[in-house]
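Now for the letters of each chain:
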Amino acid sequence: MKIYSLLADKISKTFNSQKIFKNVSFNAFVGNSIAITGSNGSGKSTLLKILLKYIHPSKGDVKYFCDNKEIESQIIYQNISFVAPYFNLYEEFTALENIELAIKLKSKYISNDLINDELNRFSLFNHSKKEVGHYSSGMKQRLKYCIANILKSDFIFIDEPTSNLDDEGKKIVFDFLKEIQSTSCLIYATNEKDELQFANEIVDLSLLNLN
């Protein structure tokens, strides 16, 4: 079994000459999930995007590893899932079409039985042939988790885990967070105290802000 990990090495970010955070360092791997927390504006989403290599840090580095060997940048994308309220689905597609596209983009094969099982798990099976544009915000969020769980990515990043979810949806996500730690490298950003319980290590950006 391959061992995947991520190293954040002294990451700092400055925006318009304003320092947001500095010297953020941690090592995430299967079984050692990381929660990034802090007050609004502390840079949680910014740090996630740096870890995802969507934006560059002002200083520091992010490295991905498999069995202690660094993974090349073009391979990383195939091993990542990202769930966030602002990360959009294709609303003109049905849930099934969104899932099939995600599978194709990741160059994976997933059986129809597994897809249906996951749609059931996230209470979406009866809505799988509806266009996502007609979904509620909570249903869209559950679909994002459904896709992430279907893909079984080695690295999973989540911003605001229970945003837009009712109590039933939150329970589904909490169960997901408990389970995924044993199979994937999990990093998530939140300022909700009840969501911190799923992390082995907490990075508080409020302690790293520079005014």
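Please read all numbers here as calculations on a predicted model, not as lab measurements. (Residues numbered from 1 in each chain as written. Predicted model: local features only at pLDDT ≥ 70, side-chain atom pairs only at ≥ 80, totals over all residues. Heavy atoms only, no water.)

Draft legend 1. Up close: the side chain of N79. Relative to the helices and strands, N79 is located in the loop between α2 (73-76) and β6 (80-83). A distance of 3.0 Å separates a polar atom in the side chain of N79 from the backbone oxygen of I75. Excluding residues that lie within four positions of it along the chain, N79 makes contacts with Y4, S153, D154 and F155. (Helix = DSSP H or I, 4+ residues; strand = E, 2+ residues; numbered from the N terminus. Polar contact = N/O pair within 3.5 Å; in protein donor to acceptor, adjacent residues only side chain to side chain. Contact = heavy atoms within 4.5 Å.)

Draft legend 2. Molecular detail of helix α5 (residues 137-151). In this model, α5 (15 residues) spans 22 Å end to end at C-alpha, consistent with the 21 Å of a helix rising 1.5 Å per residue. With 14 of 15 residues buried, α5 is to be regarded as a mostly interior element. In the stretch just after α5, K152 is the one whose phi turns positive, near 50°. (Expected span 1.5 Å × (residues − 1). Buried < 20%, exposed > 50% of the residue type's maximum accessible area, 1.4 Å probe, protein only.)

Draft legend 3. Seen up close, the sheet that holds β6. The five strands are arranged β6-β7-β8-β3-β9 in an open sheet whose pairing can be described as parallel. In this open sheet, the two strands that pair with only one neighbour each are β6 and β9 (201-204). On average, each strand axis in the sheet is tilted by 15° relative to the strand beside it, whichever way the strands run. When strand β7 (residues 155-159) meets strand β8 (residues 185-189), the two strands line up parallel, connected through five bridges. Looking at the pairing, I158 lines up with Y188 of β8. Where helix α6 (residues 167-180) meets the sheet, it contacts β7 and β8, and its direction lies at approximately 150° from that of β7. (Pairing = 2+ DSSP bridges. Axes fitted to C-alpha atoms, helices over the stretch in contact; angles between N-to-C directions.)

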